[in-house]
Amino acid sequence: MPRFRAILDTMPPYKAGKAVVSADGRSFKLSSNESPYDPLPSVVEAIAEGARQINRYPDPAATRLTETIAARYGVPPEHVALGAGSVTVAQQLFETFGEPGVEVIYAWRSFEAYPLLADLAGVTSVRVPLDGEDHDLDAMAAAVTDRTRMIFVCNPNNPTGTSIRRAELEAFLDKVPSDVLVVLDEAYREYVRDADVPDGLTLYRDRPNVCVLRTFSKAYGLAGLRVGYLVAHEPVAAAVRKTIVPFAVNHLAQLAAVASLADPAEKELLERVDSVVKERTRVREALIAQGWTVPPSEANFVWLRVGERTLDFAAACAVEGVAVRPFPGEGARVSIGTPEANDAFLQAAAAFLKS
Ligand code: PMP
């Protein structure tokens, strides 16, 4: 038997959200925080056009996409590093900063990939419990040791949807030693409406040890194509670029992402985000009216602290064709979908409370 790494014996596989179907054939997938909308015609066209070149390798430097992102956000192209989804960029960060013996700090619960990537890299995870549903930044700062190389701050946090305000985040960043990289994971940035929640791109500029992780999977609706990126000062971005598996960002993903940032496609995509935000408000208010406690969410999902009955809750939603993401013993994360999907979910949630 070939001898694989021992860590794989104990590491749970990443659990992706699955669709479910009700007895009468209804199916609403609210378990992966995806965009509920069909791709834009202009994006589909760009992909169809690009399909003619797929006998060739993609541009390994994704030059056009890198330049488009840089121009869109007013950063130098040298500050942008792309990957096949932001989770892959996070993995590249572990390749860049991780080795056995070093530590990474993150809140828990937060994005499930952090512990998996740390384990794979042989890096020690230091999980700092959330304070209720919020990051405990004082405790995270206090957890820094000589071995700390990275701190992940997920803002808004997956799966609680909660976010960190500017003053608190700046005070935290000021405390972190300059040789520790702070990764502001902003996968859900486009859904933020609270003006006090800072855009990481305004925070990284004066801080060489801060970087921002973003994705085309959520607001831009390209989850199936896998493209995400990092914005960081040049030494960090250049080091991260070295760790990419050659040609990881495929040709169609590059073209689709460029097409998504083109006018008027982006305007339309951001209008869709506005609709999701409106639905988020409606869903949260309806849940509160039903009797649930729901922390304010700045993301495209809400968090229900269901506790011991979480798996029962997910099963009750599944009966209505609604797939949610359960975290057994803790709660359920439910993506905001179309009004019809949200109504189906609200109905299931109300029925569960009465059961
Ligand atoms: N960061 C966070 C906080 C996420 O929730 C996700 C997706 N669930 C990702 C990163 C990764 O997204 P992707 O790889 O699709 O860009």
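Calculation rules
Counting starts from 1 at the beginning of each chain's written sequence and moves along it residue by residue. For a predicted model such as this one, the threshold for reporting local features is a pLDDT of at least 70, and the threshold for listing and counting side-chain atom pairs is 80 or more; totals across whole chains, interfaces and linings nevertheless cover every residue. To obtain the side-chain values, all non-hydrogen atoms of the structure were used and water was disregarded. UniProt positions are given in the numbering used here, feature names are shortened, and annotations may be inferred rather than shown by experiment. Being near a molecule or strand, for a residue, comes down to having at least one heavy atom within 4 Å of it. Two N or O atoms form a polar contact when they lie within 3.5 Å of each other; inside protein one atom must be a possible hydrogen donor and the other a possible acceptor, and for residues adjacent in sequence the pair counts only when both atoms belong to side chains. Surface accessibility follows the Shrake-Rupley procedure with a 1.4 Å probe radius. Residue values consider only the protein chains on display as shielding. When residues are grouped by polarity, Ala, Val, Leu, Ile, Met, Phe, Trp, Tyr, Cys and Pro land in nonpolar, Asp, Glu, Lys and Arg in charged, and all others, Gly among them, in polar. The rule is simple: take the accessible area with a 1.4 Å probe, protein chains only, and divide by the maximum for that residue type; under 20% is buried, over 50% is exposed, in between is partly exposed. Elements are defined by DSSP. Helices are runs of H or I of four residues or more, strands are runs of E of two residues or more, and each kind is numbered from the N terminus. DSSP calls a pair of strands paired once it identifies at least 2 bridges connecting them. Axis lines are fitted through C-alpha atoms, for helices just across the contact stretch, and the angle between N-to-C directions can take any value from 0 to 180 degrees.

- As annotated in an unreviewed UniProt entry, the chain carries the name Aromatic amino acid aminotransferase and is attributed to Nonomuraea mangrovi.
- Quoted straight from UniProt, the Catalytic activity (unreviewed entry) entry for the chain says "an aromatic L-alpha-amino acid + 2-oxoglutarate = an aromatic oxo-acid + L-glutamate".

## Here we look at the site of the ligand
Step number 1: Taken together, 13 residues lie around the ligand, and Ser86, Tyr188, Thr215, Ser217 and Arg226 are the ones closest in.
Step number 2: Between an oxygen atom of the ligand and a side-chain N or O atom of Tyr188, the distance comes to 2.6 Å.
Step number 3: Here the ligand, which alone exposes 390 Å², has 93% of that area covered by the protein.
Step number 4: Of the residues in the shell around the ligand, the class split is five nonpolar, five polar and three charged.

## Looking at the pairing of strand β12 (residues 331–335)
Step number 1: Most of β12 sits inside the fold, with five of its five residues counted as buried.
Step number 2: Burial of β12 is two-sided: the residues Gly331, Arg333 and Ser335 facing one way and the residues Ala332 and Val334 facing the other way are all buried.
Step number 3: Here four bridges tie strand β9 (residues 301–304) to β12, and the two strands are oriented antiparallel to one another. Looking across to β12, one finds that Val302 is bridged to Val334.
Step number 4: As judged from the three bridges shared by strand β11 (residues 325–327) and β12, these two strands associate in the antiparallel manner. Bridge pairing in β12 places Arg325 opposite Arg333.
Step number 5: Counted between consecutive antiparallel strands, the loop separating β11 from β12 contains three residues, among which Gly329 sits at a positive phi close to 85°.

## Remarks on the sheet that holds β11
Pairing between the strands of a sheet comes from backbone hydrogen bonds, and it takes one of two forms, parallel or antiparallel.
Step number 1: Pairing within the open sheet is antiparallel, and its three strands lie in the order β9-β12-β11. In this open sheet, the two strands that pair with only one neighbour each are β9 and β11. In this sheet, neighbouring strand axes are inclined to one another by 20° on average, regardless of whether the strands run parallel or antiparallel.

## Some thoughts on the UniProt feature "domain: Aminotransferase class I/classII large" (unreviewed entry) in the chain
Step number 1: In the UniProt entry, the feature "domain: Aminotransferase class I/classII large" (unreviewed entry) is given for residues 28–347.
Step number 2: Secondary structure over residues 28–347 splits into 40% helix and 17% strand, and the C-alpha atoms at its two ends are 13 Å apart.

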